[in-house]
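# Understanding the architecture of this molecule
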Amino acid sequence: MRDISILIADDEEEIANLIAIHLEKEGYHVVKVLDGQEAVRVVETQSIDLLILDIMMPKLDGYEVTRRIREKHNMPIIFLSAKTSDFDKVQGLVIGADDYMTKPFTPIELVARVNAHLRRFMKLNQPKTENKTCLEYGGLVISPDQRTVTQYGVSIELTPKEFDILYLLASHPKKVFSVENIFQQVWGEAYFESGNTVMVHIRTLRKKLEEDIRKDKWIKTVWGVGYSFNG
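One structure accompanies this document, and this report is about it. The structure presented is a predicted model; accordingly, all values stated were derived computationally and were not measured.

### Digging into helix α2 (residues 36-45)
The complete set of buried residues in α2 reads Gly36, Ala39, Val40, Val42 and Val43. Down the axis of α2, the buried set is contained in an arc of 160°. They therefore lie on one face. For α2, the elements touching its buried residues are β1 (5-9), β2 (29-33), β3 (50-53) and α3 (62-70). One side-chain oxygen of the residue at the start of α2 lies 3.1 Å from the amide nitrogen of glutamine 37, identifying that residue as aspartate 35.

Here is the structure:
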């Protein structure tokens, strides 16, 4: 079995080296690059299992790197950036990142998040021993084996986390899930004050399902409690 490979893309070489030291102690193979264009090239030419990306990089920023990678690949992407505003975090998650950490950071927490994302990703990509149930509600069809969603015959492109949230809720119609519970089940790790992360994914999921213009309101907000699927 090959080593798990992690790509670190950060133009601050000292930070990249620090991260690499801690990840290599965990037994991971680490690849380091200093600009976004090289990050895209490495993903296209090597087997990479997880990406740690800075936002402000030469040639291509982290947002553009993520857009290009998400066209073909679904490995976990963690943003590690000095940009701390909610807007930056929301933008990163909307374009396809799985997590967002701000600098300065503690290496032990970064390693914990890397481990959690890899565990979940590897579990999702294990050979399936049984088929999961395909869910159909009106014009909405959710296929967990193909990880596809169609609405009235039109394919809806979701990120891996958006799909997992939708399938979780739709598998238990009318059941109310708290933000903390959604995070723990979808991200597969302890709750790190990540309410905004869940809410951003719910917001983009609703937009892709066109809840603002369709009569179908699949995801219901239960104020003060969480979310449920209105199936």
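### Comments concerning the sheet that holds β1
Overall, parallel pairing links the 5 strands, which are arranged β2-β1-β3-β4-β5 in an open sheet. For this open sheet the edge positions go to β2 and β5 (99-102), each flanked by a neighbour on one side alone. Within this sheet the neighbouring strands show an average axis-to-axis angle of 20°, counted without direction. Relative to strand β4 (residues 77-81), β3 is paired through 3 bridges, and the arrangement is parallel. Bridge assignment links leucine 53 to a residue of β4, and that residue is phenylalanine 79. Relative to the sheet, helix α1 (residues 13-25) contacts β1, β2, β3 and β4, its axis offset from that of β2 by approximately 170°.

### Observations regarding the nonpolar core
Core analysis: the biggest nonpolar cluster contains 28 residues, and Ile142, Val149, Ile165, Leu166, Leu169, Ile182 and Phe229 have the highest contact counts within it. When residues of this core are traced back to their parent elements, those giving at least two are β6 (135-137), β7 (140-143), α6 (160-170), α7 (179-187), α8 (195-208) and β11 (226-229). Per-element tally for this core: the top contributor is α6, with 7 residues. Setting aside chain neighbours within four positions, we find phenylalanine 229 in contact with Tyr137, Leu140, Leu166, Leu169, Ala170, Pro173, Lys174, Lys175 and Trp218. Listed in part, the 24 residues of the second largest apolar core include Val31, Leu60, Met75 and Tyr100.

### Brief notes about the pattern of salt bridges
Two side chains carrying opposite charge are able to pair once their charged atoms lie near each other. Counted by the stated rule, this structure contains 15 salt bridges. The salt bridge involving lysine 72 is made with glutamate 44; its shortest N-O contact spans 3.9 Å. Here glutamate 44 lies in helix α2 and lysine 72 lies in the loop between α3 and β4, a separation of 28 residues in the sequence. Since its relative accessible area comes to 38%, glutamate 44 is described here as partly exposed.

### What to know about the sheet that holds β7
The strands making up a sheet associate through hydrogen bonds between their backbones, and the pairing can be parallel or antiparallel. Taken together, the 4 strands give an open sheet; going across it, the order is β6-β7-β8-β9, and neighbouring strands pair in antiparallel fashion. In this open sheet, the two edge strands, each paired with only one partner strand, are β6 and β9 (154-156). Strand-to-strand, the axes of this sheet are offset by a mean angle of 20°, without reference to chain direction.

### Things to note about the pairing of β1
Most of β1 is tucked away, with 5 of its 5 residues classed as buried. What you see with β1 is no split at all: Ser5, Leu7 and Ala9 on one side and Ile6 and Ile8 on the other are buried throughout. Assessed by its sense of winding, the connection that carries the chain from β1 through α1 to β2 is right-handed. Bridging between β1 and β3 involves 4 bridges; their strand directions are parallel. What sits directly across from isoleucine 6, in β3, is leucine 50.

### Brief notes about the pairing of β7
In this structure, β6 lies alongside β7, joined through 3 bridges in antiparallel fashion. Directly across from glutamate 136, in β7, lies its bridge partner valine 141. The hairpin turn running from β6 into β7, its antiparallel successor, is 2 residues long, and glycine 138 in that turn takes a positive phi close to 60°. Bridging between β7 and strand β8 (residues 148-151) involves 4 bridges; their strand directions are antiparallel.

### With respect to the packing of α2 against α3
Relative orientation of the contacting elements α2 and α3 amounts to 20°, with a least axis distance of 9 Å. The pairing of α2 with α3 is recorded here as roughly parallel in orientation. α2 and α3 meet at a crossing whose hand is right-handed. Contacts between α2 and α3 involve Gly36, Ala39, Val40 and Val43 from the first element and Val65, Arg68 and Ile69 from the second. A per-class count over the contact of α2 with α3 returns 5 nonpolar, 1 polar and 1 charged.

The rules behind these values
Residues numbered from 1 in each chain as written. Predicted model: local features only at pLDDT ≥ 70, side-chain atom pairs only at ≥ 80, totals over all residues. Heavy atoms only, no water. Buried < 20%, exposed > 50% of the residue type's maximum accessible area, 1.4 Å probe, protein only. Helix = DSSP H or I, 4+ residues; strand = E, 2+ residues; numbered from the N terminus. Arc of directions from axis to C-beta. Contact = heavy atoms within 4.5 Å. Polar contact = N/O pair within 3.5 Å; in protein donor to acceptor, adjacent residues only side chain to side chain. Pairing = 2+ DSSP bridges. Axes fitted to C-alpha atoms, helices over the stretch in contact; angles between N-to-C directions. Core = buried A, V, L, I, M, F, W, Y, C linked by side-chain atoms within 4.5 Å. Salt bridge = Lys/Arg side-chain N within 4 Å of Asp/Glu carboxyl O. Right-handed = clockwise from strand over helix to strand, strands pointing away. Parallel < 35°, antiparallel > 145°, perpendicular 65-115°, else oblique. Left-handed = near helix turned anticlockwise from the far one by under 90°. Nonpolar A, V, L, I, M, F, W, Y, C, P; charged D, E, K, R; others polar.

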